[in-house]
Amino acid sequence: MGSCKEEEKNDQQPKWLWVNGPIIVGAGPSGLAVSACLKENGVPSLILERSDCIAPLWQRKTYDRLKLHLPKQFCQLPLFNFPENFPKYPTKHQFISYLESYAKHFGIIPKFKQGVKVAEYDEVSGFWRVQTEEVQYLSKWLIVATGENAEPVIPEIQGIDKFKGKVMHTSGYKCGTEFNNQKVLVIGCGNSGMEVSLDLCRHNATPHMVVRNSVHILPREMLGISTFSIAMALLKWMPLRIVDKFLLLVANLTLGSTDKLGLRRPKTGPLELKNATGKTPVLDVGALSQIKTGKIQIMPGVKEITKIGAKFLDGKEGEFDSIILATGYKSNVPSWFKGNDFFTEQGMPKTPFPNGWKGQNGLYTVGFTRRGILGTTNDAKNIAKDISEQWRKYKGFCKNFCTTRNLVSDSQGICF
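The structure presented is a predicted model; accordingly, all values stated were derived computationally and were not measured.

Participant: Kindly report on the packing of helix α6 (residues 227-235) against helix α7 (residues 240-255), identifying the contributing residues and their values.
Facilitator: Interaxial distance between α6 and α7 falls to 9 Å at its minimum, and their mutual angle equals 150°. The crossing of α6 and α7 is right-handed. Contacts from Thr227, Ile230, Ala231, Leu234 and Leu235 in α6 reach Leu240, Val243, Phe246 and Leu247 in α7. For the contact of α6 with α7, the class distribution of residues is eight nonpolar, one polar and no charged.

As structure tokens, this is what we get:
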């Protein structure tokens, strides 16, 4: 009886839903920002989120000691500032509470547990078809807001499946308590690798950090002022390469030569490299001092993982209790976005910033600028302005589409 009722209930569920406004895929900061900007322009939208909460990357896949690397004024979403009592560099938990307040302020209610299986443009109807596990959503506009950090990057390392100890990505790392008195191999030397290594030190572990390539390390602040703030101010008056030279001069004066520590600097300046490749310079919050004292050991590239440790490119071997992959994140767009060549094979817009926010046939992207929240804000405002101009002409069609089919429209502009 119970199964029969369940089947009957499922049969009654609609197979497709019409969305009057844009469909936004992803309820992270990017999705929230563009939804808020659309609402400010009088345009309804629907956010589809595969997880059961907003900003799942921040809530589920970040370590406890994480703080924003930039001052809060550079990390707030459009139209809504951080509370004045928040510190200069808000904690992870403060940032999450800010995002929750942001969603509440603008009345943003995503549809959770709606992982998108396929999204593609229907040339015949002129609409986007977005298929989840149970429902197909239709809309004139699709906004891809899953961002450049949707999935952990898990590198293929010879022998890693044979390792007897724990192997985890930093997306699963919370605190160094469970690694107390362990010898830990941290593969990766970006901001996550540096901060996880620092956290391990503070929990009596011995981190060995693998540095395969060159890396820029800058002080988080210069003379009490955020390094990023200084860079943004100087860029208004000076060419980027001159600003890079200034940053490196001050970094060498305050931090010393990182080359002597096994941390070679790239030939390209930190800002130029960030713009060209998206590779962010490390903003030091204490790891460098631990490297100088030897509490964090610098290791060359890994040649092979063994049952009890690793072999390195310089011919040396080491035994380790655990391995942490600080290897970053990637876009997941190629796994579900079909039939369009707007994105690269890596899931990034082919058109570079600042023009990568708009495609054809009502396609938009937000959160793929490699410029953090500032880039997201720029994209969100552009998208909202562009769609709102179309919406004024189009909303009559949307209303008529629902009424002529005897469909009911809810508060989010979904007809069923």
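The structure having been displayed, the exposition proceeds.
Participant: Go over the packing of aromatic side chains with me, naming the residues and quoting the values.
Facilitator: Applying the stated criterion to the full structure yields 22 aromatic pairs. Summarising the aromatic geometry, the rings of Tyr173 and Phe179 are spaced 5.8 Å apart at their centres and angled 20° between planes, so their arrangement reads as stacked. Taken individually, Tyr173 and Phe179 each receive the classification buried, so the pair is uniform in this respect. Three or more aromatic residues link up through ring pairs in this structure, and these residues are Trp58, Phe80, Phe82, Phe86, Phe95, Tyr98, Tyr102 and Phe106. It is Lys183 that lies over the ring of Phe320; its NZ or CZ is 5.2 Å from the centre.

Participant: Could you give an account of the environment of Lys113, with specific residues and numbers?
Facilitator: Within the secondary structure, Lys113 sits in the loop between α4 (92-105) and β4 (118-122). Sequence separation between Lys113 and Arg50 is 63 residues, and the spatial gap between their C-alpha atoms is 4.4 Å.

Participant: Please set out the sheet that holds strand β7 (residues 142-144) residue by residue, giving values where relevant.
Facilitator: What the four strands build is an open sheet, ordered β3-β2-β7-β22; its pairing is parallel. With one partner strand each, in any of the chains shown, β3 (46-48) and β22 (363-365) form the two edges of the open sheet. Between one strand axis and the next, the sheet turns through 25° on average, direction left out of account. Bridge count between β7 and β22: three bridges; the pairing is parallel. For Leu142, the partnering residue across the bridge sits in β22 and is Leu363. Sheet strands touched by helix α2 (residues 29-40): β2 (23-25), β3 and β7. Its angle to β2, the strand with the most contacts, is close to 160°.

Participant: Explain α7 residue by residue, including any values.
Facilitator: Here α7 contains 16 residues, and its C-alpha end-to-end distance of 22 Å stays within 8% of the 22 Å for a straight helix at 1.5 Å per residue. On its buried side, α7 packs onto β12 (217-219), β13 (221-222), α6, α8 (270-277), β15 (282-284) and α9 (287-292). Count one or two residues on from α7 and you reach Gly256, which has phi positive near 85°.

Participant: An account of the sheet that holds strand β18 (residues 309-312) is needed here, citing residue identities and associated values.
Facilitator: Strands sit in the order β17-β18-β19 across an open sheet of three strands; the sheet is antiparallel. The sheet is open, and its two borders are formed by β17 (302-305) and β19 (317-319), each paired with just one other strand. Here the average twist between neighbouring strands, direction ignored, is 25°. Relative to β19, β18 runs antiparallel, the two being bridged by three bridges. Paired with Gly309 across the two strands is Glu319, which belongs to β19.

Participant: Explain the environment of Thr254 to me, and be specific about the residues and the numbers.
Facilitator: For Thr254, the location among the structural elements is in helix α7. Put simply, Thr254 and Lys88 are 166 residues apart on the chain and 21 Å apart in space, counted from C-alpha to C-alpha. Here the side chain of Thr254 touches Val250 through a polar contact of 2.9 Å, landing on its backbone oxygen. Reaching out from Thr254, the side chain makes a polar contact with the backbone oxygen of Ala251 at a distance of 3.3 Å.

Participant: Describe a nonpolar patch on the surface, naming the residues involved and giving the relevant values.
Facilitator: A cluster of nonpolar side chains, namely Trp237, Met238 and Ile242, defines an oily patch on the protein surface of about 370 Å² accessible area. By secondary structure assignment, the location of Met238 is in the loop between α6 and α7.

Participant: Outline the nonpolar core, listing residues and values.
Facilitator: One recurring pattern in soluble globular proteins is that nonpolar side chains are buried together. Counting 55 residues, the largest nonpolar core has Leu32, Tyr98, Tyr102, Ile143 and Leu200 as its most contacted members. Elements with a minimum of two residues in this core: α2, α4, β10 (183-187), α5 (191-201) and α10 (372-403). Looking at which element gives the most residues to this core, the answer is α10, with seven residues. Excluding residues that lie within four positions of it along the chain, Tyr98 makes contacts with Gln76, Leu77, Phe80, Asn81, Phe82, Pro83 and Phe86. Listed in part, the 22 residues of the second largest apolar core include Leu46, Val116, Val130 and Phe343.

Participant: Run through the side chain of His208, naming residues and quoting values.
Facilitator: Mapped onto the elements of the fold, His208 is located in strand β11 (residues 206-210). Within the structure, His208 has its side chain in polar contact with the backbone oxygen of Thr206 (distance 3.4 Å). With near-sequence residues (within four places) excluded, His208 lies in contact with Lys183, Val184, Leu185, Val186, Gln297, Met299 and Phe320.

Participant: Can you break down the pattern of salt bridges residue by residue, with the values?
Facilitator: Considering all chains together, one arrives at eleven salt bridges under this definition. Between Glu195 and Arg65 there is a salt bridge, and its shortest N-O distance comes to 3.3 Å. Placement of Glu195 in helix α5 and of Arg65 in the loop between α3 (56-60) and α4 is noted, with a sequence separation of 130 residues between them. The partly exposed category is assigned to Arg65, whose relative accessible area is 23%.

Participant: Mind laying out α8, listing which residues take part and the relevant values?
Facilitator: Of the residues making up α8, those classed as buried are Pro270, Leu271, Leu273 and Lys274. In an axial view of α8, the angular spread of the buried residues amounts to 165°, which keeps them on one side of the axis. The elements touched by buried residues of α8 are β12, α6 and α7. In the stretch just after α8, Gly278 is the one whose phi turns positive, near 85°.

What counts and what doesn't
Residues numbered from 1 in each chain as written. Predicted model: local features only at pLDDT ≥ 70, side-chain atom pairs only at ≥ 80, totals over all residues. Heavy atoms only, no water. Axes fitted to C-alpha atoms, helices over the stretch in contact; angles between N-to-C directions. Helix = DSSP H or I, 4+ residues; strand = E, 2+ residues; numbered from the N terminus. Left-handed = near helix turned anticlockwise from the far one by under 90°. Contact = heavy atoms within 4.5 Å. Nonpolar A, V, L, I, M, F, W, Y, C, P; charged D, E, K, R; others polar. Phe/Tyr/Trp six-rings, centres within 6.5 Å; stacked < 30°, edge-to-face > 60°. Buried < 20%, exposed > 50% of the residue type's maximum accessible area, 1.4 Å probe, protein only. Lys NZ or Arg CZ within 6 Å of the ring centre and 35° of its normal. Pairing = 2+ DSSP bridges. Expected span 1.5 Å × (residues − 1). Polar contact = N/O pair within 3.5 Å; in protein donor to acceptor, adjacent residues only side chain to side chain. Patch = residues over 30% accessible without salt bridge, like charges linked within 9 Å, V, L, I, M, F, W, Y side chains within 5 Å. Areas by Shrake-Rupley, 256 points an atom, 1.4 Å probe, with all protein chains shown as cover. Salt bridge = Lys/Arg side-chain N within 4 Å of Asp/Glu carboxyl O. Core = buried A, V, L, I, M, F, W, Y, C linked by side-chain atoms within 4.5 Å. Arc of directions from axis to C-beta.

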